[in-house]
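# Fold and contact review
Spelled out from the first residue to the last, the chains are:
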Amino acid sequence: MTDIVAAVEIPETAAVAESTRLLQEMTGPLIFHHSRRVFLFGSLHARRLGLEPDPELLYLSAMFHDTGLSTPFSDTVQRFELDGADHARKFLLDRGFSKSAADVVWTAVALHTTPGIPGRMGPETAATNYGVLTDAIGWGLDGLDGGQVDEIVAAHPRGEFKKEFLQEFVKGLSNRPDTTYGTVNADVLEHFVPGFRRTSMVERINDAPWPN
C-alpha cells in the first residue's frame, strides 16, 4: 500500500526503505519523526512555491540531515552537518546512484542549518531547509494548510520536541565544540554547556599572526 501523509506520497524505492530502516536503527524516535516531518513539510513548501525536487533525493536528504549528531562519519573532527552529508553521499554511491545525485543530497544535508543560502540553490536543498525551519522554529507554518499540518503531527508526533531536540544537539556537539564556530549550533552550546564561550570573528582577526 502506498504511504501517503498530508497528500504527500512517500517514494516507494529500495533506497527510501533502507534509509528509513537505517534511521530507525541509528537514532531514536525523536530524530526519526523529526526527519520524516522535515520531508513532509519540505514537500508541502516545495508544492506551494512551485519547486520540483526529486522526491527520492528529498527524502534521503531529510533522512540523513541530522545523522551526524548521532554517528560521526569518521575520526575527522568536523561539523555534524558534514558528517551527515558524507554519510549520505556514501550511502547513495554505494547503492549505484550517480555522483550528481549524491552531490545533490550532500549539499542539502551540509547546508540545512545555514541561513539564507539554501533557498537560492536547487529544489532539494531549498525544500530540505524549509522543512527543517518549519519543524524546528515554525517558519512558514502560517502558509501551510492546518489540516495537513495536523495530519503530519499525528503521523509523526512531536512529543517534547523543543526540550529533547536541544539536548540532542548538546549530546552530539559537546565533544567537538570548536566545530560550532560561525554556526547556529554555537547558540545551543553557549546556552547549555557551562564554561563554553564562542570565539568571535573579532577575536580571530585581532589574534591573527599578522602585524597591525
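The structure contained in this document is the topic of the report that follows.

Conventions used here
- Residues numbered from 1 in each chain as written.
- Predicted model: local features only at pLDDT ≥ 70, side-chain atom pairs only at ≥ 80, totals over all residues.
- Heavy atoms only, no water.
- Helix = DSSP H or I, 4+ residues; strand = E, 2+ residues; numbered from the N terminus.
- Polar contact = N/O pair within 3.5 Å; in protein donor to acceptor, adjacent residues only side chain to side chain.
- Contact = heavy atoms within 4.5 Å.
- Salt bridge = Lys/Arg side-chain N within 4 Å of Asp/Glu carboxyl O.
- Buried < 20%, exposed > 50% of the residue type's maximum accessible area, 1.4 Å probe, protein only.
- Expected span 1.5 Å × (residues − 1).
- Core = buried A, V, L, I, M, F, W, Y, C linked by side-chain atoms within 4.5 Å.
- Axes fitted to C-alpha atoms, helices over the stretch in contact; angles between N-to-C directions.
- Parallel < 35°, antiparallel > 145°, perpendicular 65-115°, else oblique.
- Left-handed = near helix turned anticlockwise from the far one by under 90°.
- Nonpolar A, V, L, I, M, F, W, Y, C, P; charged D, E, K, R; others polar.

### Thoughts on the side chain of T113
- Mapped onto the secondary structure, T113 falls in the loop between helix 5 (99-110) and helix 6 (123-137).
- At 2.6 Å, the side chain of T113 forms a polar contact with the side chain of E81.
- The contacts of T113, once residues within four sequence positions are left out, are R79, F80, E81 and V184.

### Let's talk about the pattern of salt bridges
- Applying the stated criterion across every chain yields a total of 13 salt bridges.
- Here D83 and R176 are joined by a salt bridge, their closest N and O atoms 2.6 Å apart. Taken together, the residues D83 in helix 4 (residues 80-94) and R176 in the loop between helix 8 (161-173) and helix 9 (185-192) connect sequence positions 93 residues apart.
- R176 sits in the buried class, given a relative accessible area of 6%.
- Salt-bridge contacts for E190 lead to R198; the nearest nitrogen and oxygen are separated by 3.1 Å.
- Taking the relative accessible area as the measure of exposure, R198 reaches 29% and is therefore partly exposed.
- Sharing partners across several salt bridges, the network here consists of R37, D135 and R158.

### Digging into the environment of R158
- Tracing the chain through its elements places R158 in the loop between helix 7 (146-155) and helix 8.
- Taking the C-alpha atoms as reference, R158 lies 9.7 Å from P29; in sequence the two are 129 residues apart.
- The contact partners of R158, leaving out residues within four places of it in the chain, are R37, D135 and V153.

### Considerations on the side chain of T134
- Counting through the fold element by element, T134 comes out in helix 6.
- Assessed through its relative accessible area of 4%, T134 is described here as buried.
- With near-sequence residues (within four places) excluded, T134 lies in contact with F41, H45, W139, L141 and L144.

### What about unusual backbone geometry?
- Located in the positive-phi region is A6, a residue other than glycine, with phi close to 55°.
- Along the chain, A6 turns up in the loop between strand 1 (4-5) and strand 2 (8-9).
- The buried category is assigned to A6, whose relative accessible area is 2%.
- At A7, a position not held by glycine, the phi torsion is positive, near 65°.
- Looking at the element boundaries, A7 is found in the loop between strand 1 and strand 2.

### Looking at helix 2 (residues 29-49)
- Taking 1.5 Å of rise per residue, 21 residues should cover 30 Å, and helix 2 covers 30 Å from first to last C-alpha, within 8% of that figure.
- Counting buried residues along helix 2, 16 of its 21 residues qualify, which places the element largely inside the surrounding structure.

### Topic: the environment of P53
- Mapped onto the elements, P53 comes out in the loop between helix 2 and helix 3 (55-64).
- With 21 residues separating them along the chain, P53 and S74 place their C-alpha atoms 29 Å apart.
- Excluding its chain neighbours within four sequence positions, the residues that come into contact with P53 are A46, L58, P123, E124 and A127.

### What to know about the nonpolar core
- Among the nonpolar cores identified, the biggest contains 36 residues, and F39, L40, L60, L92, F97, V105 and I152 are the most heavily contacted of them.
- Of all the elements in the fold, those that place two or more residues in this core are helix 1 (14-26), helix 2, helix 3, helix 4, helix 5, helix 6 and helix 7.
- Setting aside its immediate chain neighbours within four residues, L40 contacts V5, V8, I10, I152 and H156.
- Grouped together as the second largest cluster of nonpolar side chains are 13 residues, I31, A186, V188 and F196 included.

### Focus: the packing of helix 2 against helix 3
- Two elements in contact, helix 2 and helix 3, have axes separated by 8 Å at closest approach and are oriented at 140°. In terms of their interaxial angle, helix 2 and helix 3 are classed as oblique. The way helix 2 lies across helix 3 gives a crossing that is right-handed. Contacts between helix 2 and helix 3 involve S35, R36, V38, F39, G42 and S43 from the first element and P55, L58, Y59, A62 and M63 from the second.
- Partitioned by chemical class, the residues of the contact of helix 2 with helix 3 number seven nonpolar, three polar and one charged.

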